[in-house]
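# Residue-level structure breakdown
Each chain, written out:
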Amino acid sequence: MNQTAITSLFAWEALDSRGKPTVACEVKLAGGARGQATVPSGASTGRHEAHELRDGGERYGGMGVSRAVAHVNNELAAATRGLDATDQATVDGTLRATDGSAELERLGANAVLAVSVATAVASAAATGRALYRAVADPEARPLLPLPMVNILSGGAHAGRAIDVQDFLAVPLGARSFAEAIEMCARVRRGTAEVLAAKGLPVALVADEGGLGAVLASNREALELVVAGVEHAGLQPGQDVGIAIDVAATQFVTDGGDYILAAEGQRRLRPDELVEELASWCAEYPIVSLEDALAEDDWSGWRTVTRRLAGRQILGDDLFVTHADRLERGIEDGVANAVLVKPNQVGTLSDARAVVRRAQDAGYGTVLSARSGETEDTWLSDLAVGWRTGQIKVGSTMRSERTAKWNRLLRIEAELGDAADYAGAAALTGLLSA
Ligand code: 2PG
Ligand code: MG
(Lines give C-alpha, C1' and ligand atoms only; values in the text may rest on other atoms or scores of the structure.)
(Ligands and ions follow the chains in the order given, each with its own letter.)
Protein backbone atom coordinates (compact mmCIF):
# COMPACT_ATOMS: atom_id res chain seq x y z
CA MET A 1 0.00 0.00 0.00
CA ASN A 2 1.08 3.56 -0.71
CA GLN A 3 2.85 4.96 2.38
CA THR A 4 0.77 8.13 2.27
CA ALA A 5 -2.60 6.37 1.95
CA ILE A 6 -5.10 7.20 4.71
CA THR A 7 -5.73 4.15 6.90
CA SER A 8 -7.88 5.61 9.66
CA LEU A 9 -9.46 8.70 11.19
CA PHE A 10 -9.99 9.22 14.87
CA ALA A 11 -12.01 12.19 16.14
CA TRP A 12 -12.93 13.39 19.61
CA GLU A 13 -14.57 16.33 21.33
CA ALA A 14 -12.07 18.95 22.56
CA LEU A 15 -12.60 22.39 24.13
CA ASP A 16 -12.00 25.75 22.52
CA SER A 17 -10.89 28.98 24.20
CA ARG A 18 -14.45 29.88 25.20
CA GLY A 19 -14.90 26.49 26.83
CA LYS A 20 -17.15 25.25 24.05
CA PRO A 21 -16.68 21.87 22.42
CA THR A 22 -14.96 21.61 19.06
CA VAL A 23 -13.90 18.80 16.75
CA ALA A 24 -10.40 17.34 17.03
CA CYS A 25 -9.20 14.74 14.56
CA GLU A 26 -6.18 12.56 13.89
CA VAL A 27 -5.47 11.10 10.48
CA LYS A 28 -3.21 8.01 10.27
CA LEU A 29 -1.35 6.98 7.14
CA ALA A 30 -0.14 3.59 5.97
CA GLY A 31 3.53 4.43 6.52
CA GLY A 32 2.88 5.35 10.16
CA ALA A 33 2.73 9.16 9.82
CA ARG A 34 -0.03 10.97 11.70
CA GLY A 35 -1.54 14.41 11.62
CA GLN A 36 -3.77 16.09 14.19
CA ALA A 37 -5.94 19.19 13.92
CA THR A 38 -8.63 21.02 15.88
CA VAL A 39 -11.06 23.49 14.34
CA PRO A 40 -12.06 26.96 15.56
CA SER A 41 -15.49 28.55 15.94
CA GLY A 42 -16.81 32.08 15.45
CA ALA A 43 -19.18 34.23 17.52
CA SER A 44 -19.93 36.92 14.95
CA THR A 45 -20.70 34.40 12.25
CA GLY A 46 -21.97 35.33 8.82
CA ARG A 47 -25.30 33.98 7.60
CA HIS A 48 -23.64 32.53 4.51
CA GLU A 49 -20.96 30.53 6.31
CA ALA A 50 -20.67 26.76 6.01
CA HIS A 51 -22.70 24.98 8.67
CA GLU A 52 -21.22 24.20 12.06
CA LEU A 53 -22.96 21.09 13.38
CA ARG A 54 -23.94 21.29 17.08
CA ASP A 55 -25.80 18.66 19.08
CA GLY A 56 -28.48 20.72 20.79
CA GLY A 57 -29.93 19.21 23.94
CA GLU A 58 -28.54 19.53 27.46
CA ARG A 59 -24.82 18.83 27.20
CA TYR A 60 -22.70 22.00 27.05
CA GLY A 61 -25.86 24.04 26.67
CA GLY A 62 -26.53 22.47 23.29
CA MET A 63 -23.05 23.29 21.94
CA GLY A 64 -21.71 19.71 21.98
CA VAL A 65 -20.21 18.32 18.78
CA SER A 66 -20.59 14.60 19.43
CA ARG A 67 -22.61 14.14 16.25
CA ALA A 68 -19.91 15.83 14.14
CA VAL A 69 -17.30 13.65 15.87
CA ALA A 70 -19.32 10.53 15.08
CA HIS A 71 -19.56 11.59 11.44
CA VAL A 72 -15.76 11.74 11.24
CA ASN A 73 -15.33 8.37 12.91
CA ASN A 74 -17.95 6.68 10.73
CA GLU A 75 -18.92 8.13 7.35
CA LEU A 76 -15.86 10.27 6.68
CA ALA A 77 -13.45 7.55 7.84
CA ALA A 78 -15.06 5.07 5.46
CA ALA A 79 -15.06 7.54 2.57
CA THR A 80 -11.40 8.56 2.91
CA ARG A 81 -9.84 5.15 3.63
CA GLY A 82 -7.17 4.43 1.00
CA LEU A 83 -7.06 7.97 -0.40
CA ASP A 84 -3.63 9.52 -0.86
CA ALA A 85 -3.15 12.18 1.84
CA THR A 86 -0.76 14.13 -0.41
CA ASP A 87 -3.63 14.68 -2.83
CA GLN A 88 -5.51 17.33 -0.85
CA ALA A 89 -7.87 18.17 -3.71
CA THR A 90 -9.14 14.59 -3.98
CA VAL A 91 -9.49 14.22 -0.21
CA ASP A 92 -11.39 17.51 0.06
CA GLY A 93 -13.55 16.67 -2.96
CA THR A 94 -14.40 13.33 -1.37
CA LEU A 95 -15.29 14.96 1.95
CA ARG A 96 -17.59 17.43 0.20
CA ALA A 97 -19.21 14.74 -1.96
CA THR A 98 -19.75 12.48 1.04
CA ASP A 99 -21.58 15.26 2.82
CA GLY A 100 -23.53 16.06 -0.32
CA SER A 101 -25.05 19.36 0.85
CA ALA A 102 -24.12 22.87 -0.26
CA GLU A 103 -22.95 24.22 3.09
CA LEU A 104 -21.94 20.93 4.72
CA GLU A 105 -25.03 20.95 6.88
CA ARG A 106 -25.43 17.18 6.91
CA LEU A 107 -22.09 16.10 8.41
CA GLY A 108 -20.95 19.54 9.61
CA ALA A 109 -18.27 21.88 8.32
CA ASN A 110 -16.54 21.39 11.67
CA ALA A 111 -16.27 17.64 10.99
CA VAL A 112 -15.13 18.16 7.41
CA LEU A 113 -12.53 20.85 8.16
CA ALA A 114 -10.99 18.80 10.98
CA VAL A 115 -10.34 15.95 8.52
CA SER A 116 -9.17 18.30 5.77
CA VAL A 117 -6.57 20.01 7.97
CA ALA A 118 -5.44 16.84 9.76
CA THR A 119 -4.86 15.28 6.33
CA ALA A 120 -2.55 18.15 5.35
CA VAL A 121 -0.68 17.81 8.64
CA ALA A 122 -0.28 14.05 8.15
CA SER A 123 0.85 14.54 4.58
CA ALA A 124 3.50 17.03 5.68
CA ALA A 125 4.71 14.63 8.38
CA ALA A 126 4.86 11.73 5.94
CA THR A 127 6.93 13.68 3.46
CA GLY A 128 9.23 15.13 6.13
CA ARG A 129 8.28 18.75 5.46
CA ALA A 130 7.07 21.57 7.64
CA LEU A 131 3.38 22.24 7.07
CA TYR A 132 4.07 25.65 5.51
CA ARG A 133 6.20 23.91 2.86
CA ALA A 134 3.74 21.12 2.26
CA VAL A 135 0.87 23.56 1.54
CA ALA A 136 2.94 25.89 -0.66
CA ASP A 137 3.48 25.88 -4.40
CA PRO A 138 6.79 24.09 -5.08
CA GLU A 139 8.85 27.16 -6.01
CA ALA A 140 7.16 29.65 -3.65
CA ARG A 141 9.32 31.40 -1.05
CA PRO A 142 7.90 31.36 2.47
CA LEU A 143 6.34 34.74 3.32
CA LEU A 144 5.86 35.87 6.91
CA PRO A 145 2.64 37.91 7.15
CA LEU A 146 2.02 41.45 8.37
CA PRO A 147 -0.01 40.87 11.54
CA MET A 148 -3.07 42.87 12.59
CA VAL A 149 -3.21 42.56 16.35
CA ASN A 150 -6.28 43.03 18.54
CA ILE A 151 -5.85 45.74 21.18
CA LEU A 152 -9.41 46.46 22.23
CA SER A 153 -12.66 44.58 21.65
CA GLY A 154 -16.33 45.43 21.55
CA GLY A 155 -19.31 43.83 19.89
CA ALA A 156 -19.95 40.12 20.27
CA HIS A 157 -16.49 39.55 21.75
CA ALA A 158 -16.84 41.88 24.72
CA GLY A 159 -20.43 41.99 25.89
CA ARG A 160 -21.29 44.64 23.26
CA ALA A 161 -19.79 47.42 25.40
CA ILE A 162 -19.09 49.29 22.17
CA ASP A 163 -20.47 48.62 18.70
CA VAL A 164 -17.29 48.12 16.71
CA GLN A 165 -15.96 44.62 17.34
CA ASP A 166 -12.18 44.90 16.91
CA PHE A 167 -9.67 47.72 17.21
CA LEU A 168 -6.35 46.40 15.98
CA ALA A 169 -2.77 47.59 15.67
CA VAL A 170 -1.04 47.28 12.30
CA PRO A 171 2.72 47.57 12.79
CA LEU A 172 3.53 49.47 9.60
CA GLY A 173 7.07 50.38 10.58
CA ALA A 174 8.32 46.93 11.56
CA ARG A 175 10.96 45.31 9.36
CA SER A 176 10.48 41.76 10.54
CA PHE A 177 7.68 39.67 11.95
CA ALA A 178 9.41 39.53 15.34
CA GLU A 179 9.69 43.32 15.43
CA ALA A 180 6.04 43.59 14.40
CA ILE A 181 4.90 41.45 17.33
CA GLU A 182 7.11 43.36 19.76
CA MET A 183 5.59 46.64 18.58
CA CYS A 184 2.06 45.34 18.99
CA ALA A 185 2.81 43.97 22.45
CA ARG A 186 4.04 47.47 23.35
CA VAL A 187 0.84 48.99 22.03
CA ARG A 188 -1.25 46.46 23.99
CA ARG A 189 0.66 47.37 27.16
CA GLY A 190 0.64 51.09 26.41
CA THR A 191 -3.11 51.06 25.88
CA ALA A 192 -3.66 49.18 29.14
CA GLU A 193 -1.55 51.80 30.95
CA VAL A 194 -3.56 54.67 29.48
CA LEU A 195 -6.74 52.90 30.52
CA ALA A 196 -5.43 52.34 34.04
CA ALA A 197 -4.46 56.01 34.30
CA LYS A 198 -8.10 56.88 33.56
CA GLY A 199 -9.12 54.64 36.44
CA LEU A 200 -10.74 52.09 34.15
CA PRO A 201 -10.25 48.35 34.72
CA VAL A 202 -7.62 46.63 32.60
CA ALA A 203 -8.29 43.11 33.86
CA LEU A 204 -11.30 42.76 31.58
CA VAL A 205 -9.96 40.68 28.73
CA ALA A 206 -12.14 39.98 25.73
CA ASP A 207 -12.49 36.76 23.74
CA GLU A 208 -9.40 37.39 21.62
CA GLY A 209 -7.14 38.66 24.39
CA GLY A 210 -7.76 42.35 23.75
CA LEU A 211 -8.89 44.83 26.40
CA GLY A 212 -12.61 44.59 27.09
CA ALA A 213 -13.07 48.07 28.47
CA VAL A 214 -16.51 49.65 28.72
CA LEU A 215 -16.21 52.96 26.88
CA ALA A 216 -18.68 55.70 26.05
CA SER A 217 -18.31 55.62 22.28
CA ASN A 218 -16.54 54.08 19.32
CA ARG A 219 -14.52 57.27 18.92
CA GLU A 220 -13.33 57.00 22.50
CA ALA A 221 -11.97 53.56 21.65
CA LEU A 222 -10.07 54.96 18.65
CA GLU A 223 -8.79 57.79 20.82
CA LEU A 224 -7.61 55.28 23.41
CA VAL A 225 -5.71 53.12 20.93
CA VAL A 226 -3.98 56.18 19.45
CA ALA A 227 -3.04 57.25 22.99
CA GLY A 228 -1.79 53.70 23.61
CA VAL A 229 0.46 53.87 20.54
CA GLU A 230 1.87 57.20 21.70
CA HIS A 231 2.30 55.98 25.26
CA ALA A 232 4.31 53.09 23.84
CA GLY A 233 6.70 55.62 22.31
CA LEU A 234 5.50 54.96 18.78
CA GLN A 235 4.17 57.26 16.09
CA PRO A 236 0.50 56.69 15.14
CA GLY A 237 0.14 56.35 11.39
CA GLN A 238 3.89 55.98 10.85
CA ASP A 239 4.98 53.11 13.07
CA VAL A 240 1.52 51.78 13.78
CA GLY A 241 -1.76 52.12 11.88
CA ILE A 242 -5.19 51.14 13.13
CA ALA A 243 -7.46 48.50 11.64
CA ILE A 244 -11.08 48.11 12.69
CA ASP A 245 -13.52 45.28 12.27
CA VAL A 246 -16.86 47.06 12.37
CA ALA A 247 -18.69 43.70 12.13
CA ALA A 248 -21.70 45.72 10.98
CA THR A 249 -23.81 42.61 10.38
CA GLN A 250 -24.14 42.52 14.16
CA PHE A 251 -26.05 45.80 14.33
CA VAL A 252 -27.98 46.07 11.09
CA THR A 253 -31.79 46.12 11.33
CA ASP A 254 -34.15 44.14 9.12
CA GLY A 255 -34.90 47.36 7.28
CA GLY A 256 -31.21 47.85 6.46
CA ASP A 257 -30.45 50.67 8.91
CA TYR A 258 -27.62 50.46 11.42
CA ILE A 259 -28.01 51.11 15.13
CA LEU A 260 -25.05 52.25 17.22
CA ALA A 261 -26.29 51.02 20.59
CA ALA A 262 -23.27 52.35 22.47
CA GLU A 263 -23.95 55.83 21.12
CA GLY A 264 -27.48 56.35 22.42
CA GLN A 265 -29.08 53.99 19.89
CA ARG A 266 -28.14 56.25 16.99
CA ARG A 267 -29.87 55.00 13.84
CA LEU A 268 -27.94 55.47 10.59
CA ARG A 269 -28.78 54.73 6.98
CA PRO A 270 -26.01 52.91 5.07
CA ASP A 271 -24.72 56.12 3.49
CA GLU A 272 -24.74 57.82 6.91
CA LEU A 273 -22.74 54.96 8.41
CA VAL A 274 -20.24 55.33 5.57
CA GLU A 275 -19.95 59.07 6.33
CA GLU A 276 -19.51 58.33 10.02
CA LEU A 277 -16.69 55.90 9.19
CA ALA A 278 -15.18 58.43 6.79
CA SER A 279 -15.09 60.98 9.60
CA TRP A 280 -13.26 58.48 11.83
CA CYS A 281 -10.79 57.89 9.00
CA ALA A 282 -10.20 61.63 8.71
CA GLU A 283 -9.33 61.87 12.40
CA TYR A 284 -7.52 58.62 13.15
CA PRO A 285 -4.84 56.65 11.28
CA ILE A 286 -7.19 53.89 10.09
CA VAL A 287 -5.57 51.80 7.37
CA SER A 288 -8.05 48.93 7.14
CA LEU A 289 -11.82 48.60 7.63
CA GLU A 290 -13.41 45.15 7.86
CA ASP A 291 -17.14 44.53 7.49
CA ALA A 292 -17.92 48.23 7.36
CA LEU A 293 -21.39 47.29 6.14
CA ALA A 294 -23.56 44.23 6.72
CA GLU A 295 -23.20 40.92 4.89
CA ASP A 296 -25.94 41.51 2.28
CA ASP A 297 -25.71 45.30 1.89
CA TRP A 298 -23.95 45.13 -1.49
CA SER A 299 -24.92 48.69 -2.40
CA GLY A 300 -23.55 50.07 0.88
CA TRP A 301 -20.38 48.09 0.23
CA ARG A 302 -20.02 49.67 -3.22
CA THR A 303 -20.37 53.10 -1.63
CA VAL A 304 -17.80 52.48 1.09
CA THR A 305 -15.31 50.98 -1.37
CA ARG A 306 -15.40 54.15 -3.45
CA ARG A 307 -15.69 56.60 -0.57
CA LEU A 308 -12.74 55.18 1.40
CA ALA A 309 -10.52 54.18 -1.52
CA GLY A 310 -6.89 54.29 -0.44
CA ARG A 311 -7.61 52.11 2.56
CA GLN A 312 -7.99 48.37 2.84
CA ILE A 313 -11.70 47.54 2.55
CA LEU A 314 -11.92 44.03 3.87
CA GLY A 315 -14.81 41.57 3.48
CA ASP A 316 -15.40 38.94 6.16
CA ASP A 317 -19.13 38.23 6.68
CA LEU A 318 -19.56 39.63 3.16
CA PHE A 319 -17.43 37.02 1.40
CA VAL A 320 -17.39 34.23 4.04
CA THR A 321 -14.43 32.66 2.18
CA HIS A 322 -16.79 31.65 -0.62
CA ALA A 323 -15.50 31.85 -4.20
CA ASP A 324 -18.90 32.83 -5.65
CA ARG A 325 -19.36 35.75 -3.26
CA LEU A 326 -15.78 36.91 -3.83
CA GLU A 327 -16.37 36.70 -7.58
CA ARG A 328 -19.41 38.94 -7.26
CA GLY A 329 -17.32 41.41 -5.24
CA ILE A 330 -14.57 41.47 -7.86
CA GLU A 331 -17.09 42.01 -10.67
CA ASP A 332 -18.95 44.75 -8.81
CA GLY A 333 -15.87 46.59 -7.52
CA VAL A 334 -16.78 45.79 -3.94
CA ALA A 335 -14.00 45.75 -1.29
CA ASN A 336 -10.33 45.30 -2.16
CA ALA A 337 -9.38 42.55 0.27
CA VAL A 338 -10.82 39.31 1.63
CA LEU A 339 -10.63 37.83 5.10
CA VAL A 340 -10.01 34.09 4.77
CA LYS A 341 -11.30 31.75 7.47
CA PRO A 342 -11.07 28.08 6.45
CA ASN A 343 -13.99 27.10 8.67
CA GLN A 344 -16.31 29.50 6.84
CA VAL A 345 -16.06 27.23 3.80
CA GLY A 346 -15.10 23.84 5.23
CA THR A 347 -12.04 22.58 3.33
CA LEU A 348 -8.46 23.71 2.81
CA SER A 349 -8.80 23.40 -0.96
CA ASP A 350 -11.76 25.78 -1.06
CA ALA A 351 -10.01 28.31 1.18
CA ARG A 352 -6.87 28.02 -0.96
CA ALA A 353 -8.88 28.68 -4.12
CA VAL A 354 -10.28 31.87 -2.59
CA VAL A 355 -6.75 33.07 -1.72
CA ARG A 356 -5.57 32.38 -5.29
CA ARG A 357 -8.53 34.12 -6.90
CA ALA A 358 -8.12 37.16 -4.66
CA GLN A 359 -4.40 37.35 -5.39
CA ASP A 360 -5.05 37.10 -9.14
CA ALA A 361 -7.59 39.92 -8.91
CA GLY A 362 -5.22 42.15 -6.93
CA TYR A 363 -7.26 41.83 -3.74
CA GLY A 364 -5.46 41.67 -0.42
CA THR A 365 -5.71 38.46 1.60
CA VAL A 366 -5.86 38.33 5.39
CA LEU A 367 -5.87 34.85 6.87
CA SER A 368 -7.89 34.86 10.08
CA ALA A 369 -8.44 32.85 13.21
CA ARG A 370 -11.87 32.79 14.91
CA SER A 371 -12.88 34.23 18.24
CA GLY A 372 -13.18 30.65 19.54
CA GLU A 373 -9.78 29.03 19.00
CA THR A 374 -7.55 26.28 20.31
CA GLU A 375 -3.80 25.95 20.89
CA ASP A 376 -3.45 24.57 17.36
CA THR A 377 -1.11 26.43 14.98
CA TRP A 378 -1.89 25.18 11.47
CA LEU A 379 -3.26 28.61 10.55
CA SER A 380 0.21 30.16 10.90
CA ASP A 381 1.68 27.67 8.46
CA LEU A 382 -1.07 28.35 5.94
CA ALA A 383 -0.32 32.09 6.05
CA VAL A 384 3.37 31.47 5.29
CA GLY A 385 2.87 28.76 2.69
CA TRP A 386 -0.03 30.42 0.89
CA ARG A 387 1.74 33.80 1.05
CA THR A 388 -1.39 35.60 2.21
CA GLY A 389 0.66 38.64 3.25
CA GLN A 390 -1.51 39.38 6.30
CA ILE A 391 -2.85 37.51 9.31
CA LYS A 392 -5.28 38.26 12.14
CA VAL A 393 -5.35 35.99 15.18
CA GLY A 394 -6.25 38.22 18.14
CA SER A 395 -4.08 39.90 20.76
CA THR A 396 -0.59 39.30 22.12
CA MET A 397 -1.95 37.40 25.10
CA ARG A 398 -4.03 34.28 25.77
CA SER A 399 -2.34 31.07 24.74
CA GLU A 400 -4.64 30.17 21.86
CA ARG A 401 -3.51 33.48 20.29
CA THR A 402 0.17 33.40 21.26
CA ALA A 403 0.42 29.81 19.97
CA LYS A 404 -0.09 31.21 16.46
CA TRP A 405 2.32 34.13 16.90
CA ASN A 406 4.86 31.78 18.48
CA ARG A 407 4.69 29.44 15.50
CA LEU A 408 5.34 32.37 13.15
CA LEU A 409 8.19 33.63 15.36
CA ARG A 410 9.79 30.23 15.17
CA ILE A 411 9.41 29.97 11.40
CA GLU A 412 11.03 33.39 10.95
CA ALA A 413 13.84 32.63 13.40
CA GLU A 414 14.52 29.31 11.74
CA LEU A 415 14.39 30.41 8.11
CA GLY A 416 16.23 33.73 8.39
CA ASP A 417 17.10 34.91 4.89
CA ALA A 418 15.32 31.95 3.33
CA ALA A 419 11.99 33.67 4.02
CA ASP A 420 10.57 37.12 3.28
CA TYR A 421 8.52 39.38 5.55
CA ALA A 422 5.49 40.95 3.88
CA GLY A 423 5.52 44.09 6.03
CA ALA A 424 3.47 47.17 5.28
CA ALA A 425 3.82 46.45 1.56
CA ALA A 426 1.03 43.91 2.02
CA LEU A 427 -1.20 46.94 2.51
CA THR A 428 0.42 49.69 0.52
CA GLY A 429 1.02 47.50 -2.53
CA LEU A 430 -2.68 46.88 -2.54
CA LEU A 431 -3.66 50.48 -1.98
CA SER A 432 -1.47 51.98 -4.66
CA ALA A 433 -2.73 49.40 -7.18
C1 2PG B 1 -14.05 38.26 12.93
C2 2PG B 1 -13.68 37.11 13.83
C3 2PG B 1 -12.31 37.24 14.39
P4 2PG B 1 -15.55 35.63 14.85
O5 2PG B 1 -15.19 38.73 12.94
O6 2PG B 1 -13.25 38.68 12.11
O7 2PG B 1 -12.09 38.48 15.01
O8 2PG B 1 -14.64 36.93 14.84
O9 2PG B 1 -14.63 34.46 14.84
O10 2PG B 1 -16.36 35.74 16.10
O11 2PG B 1 -16.38 35.68 13.61
MG1 MG C 1 -14.71 40.01 11.11
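Summary of the structure given here. Values in this document were obtained by computation on a predicted structure and should not be read as measured data. (Residues numbered from 1 in each chain as written. Chains lettered and ligands numbered in written order. Predicted model: local features only at pLDDT ≥ 70, side-chain atom pairs only at ≥ 80, totals over all residues. Heavy atoms only, no water.)

## Digging into the sheet that holds strand 1 (residues 6-15)
Taken in spatial order, the 3 strands of this open sheet run 1-2-3, and their pairing is antiparallel. Each edge of the sheet is formed by a strand with only one pairing partner; in this case those strands are strand 1 and strand 3 (34-38). With direction set aside, neighbouring strand axes in the sheet form an average angle of 15°. As judged from the 9 bridges shared by strand 1 and strand 2 (residues 21-29), these two strands associate in the antiparallel manner. Looking across to strand 2, one finds that Ser8 is bridged to Lys28. Against the sheet, helix 1 (residues 66-80) touches strand 1 and strand 2, its axis set at about 170° to strand 1. (Pairing = 2+ DSSP bridges. Helix = DSSP H or I, 4+ residues; strand = E, 2+ residues; numbered from the N terminus. Axes fitted to C-alpha atoms, helices over the stretch in contact; angles between N-to-C directions. Contact = heavy atoms within 4.5 Å.)

## Some points on the environment of Arg18
Of note, Arg18 is situated in the loop between strand 1 and strand 2. Accessibility expressed as a relative area gives 23% for Arg18, which makes it partly exposed. Once you skip the residues sitting within four places of it in the chain, Arg18 turns out to touch Ser41, Gly42, Ala43, His157, Asp207, Ser371 and Gly372. For Arg18, the side chain forms a polar contact with the side chain of Asp207, separated by 2.7 Å. (Buried < 20%, exposed > 50% of the residue type's maximum accessible area, 1.4 Å probe, protein only. Polar contact = N/O pair within 3.5 Å; in protein donor to acceptor, adjacent residues only side chain to side chain.)

## A closer look at the side chain of Thr374
By the element assignment, Thr374 lies in the loop between strand 13 (364-368) and helix 12 (378-386). Note on Thr374: relative accessible area 3%, which makes it buried.

## Examining the sheet that holds strand 14 (residues 389-394)
The 8 strands are arranged 5-6-7-10-11-12-13-14 in a closed barrel whose pairing can be described as mixed. Put simply, the sheet's adjacent strands are angled 25° from each other on average, direction ignored. Across 4 bridges, the pairing between strand 12 (residues 337-340) and strand 13 is parallel. By the bridge assignment, Val338 is partnered in strand 13 with Thr365.

## Quick word on the packing of helix 1 against helix 3 (residues 109-126)
At a closest axis distance of 8 Å, the pairing of helix 1 and helix 3 adopts a crossing angle of 55°. Between helix 1 and helix 3, the crossing angle belongs to the class labelled oblique. Crossing handedness for the pair helix 1 and helix 3: right-handed. Mapping the contact onto sequence places Ala68, Val72 and Leu76 in helix 1 and Asn110, Ala111, Val112 and Val115 in helix 3. Here the contact of helix 1 with helix 3 is composed, by residue class, of 6 nonpolar, 1 polar and no charged. (Parallel < 35°, antiparallel > 145°, perpendicular 65-115°, else oblique. Left-handed = near helix turned anticlockwise from the far one by under 90°. Nonpolar A, V, L, I, M, F, W, Y, C, P; charged D, E, K, R; others polar.)

## Some words on helix 12
Among the 9 residues in helix 12, 9 count as buried, and that is most of the element. Looking only at helix 12, the buried set comprises Trp378, Leu379, Ser380, Asp381, Leu382, Ala383, Val384, Gly385 and Trp386. Trailing helix 12 by a residue or two, Arg387 shows a phi angle of about 55°, which is positive.

## A few points about helix 1
Compared with the 21 Å implied by 1.5 Å per residue over 15 residues, the 20 Å span of helix 1 between its first and last C-alpha is a close match. Its maximal kink placed at Val72, helix 1 deviates by approximately 35°. Looking at helix 1, one finds that the buried residues are Ala68, Val69, His71, Val72, Leu76, Ala77 and Thr80. Looking at the residues trailing helix 1, positive phi occurs at Gly82, about 90°. (Expected span 1.5 Å × (residues − 1). Bend = angle between axes of the 7 residues up to and from the residue.)

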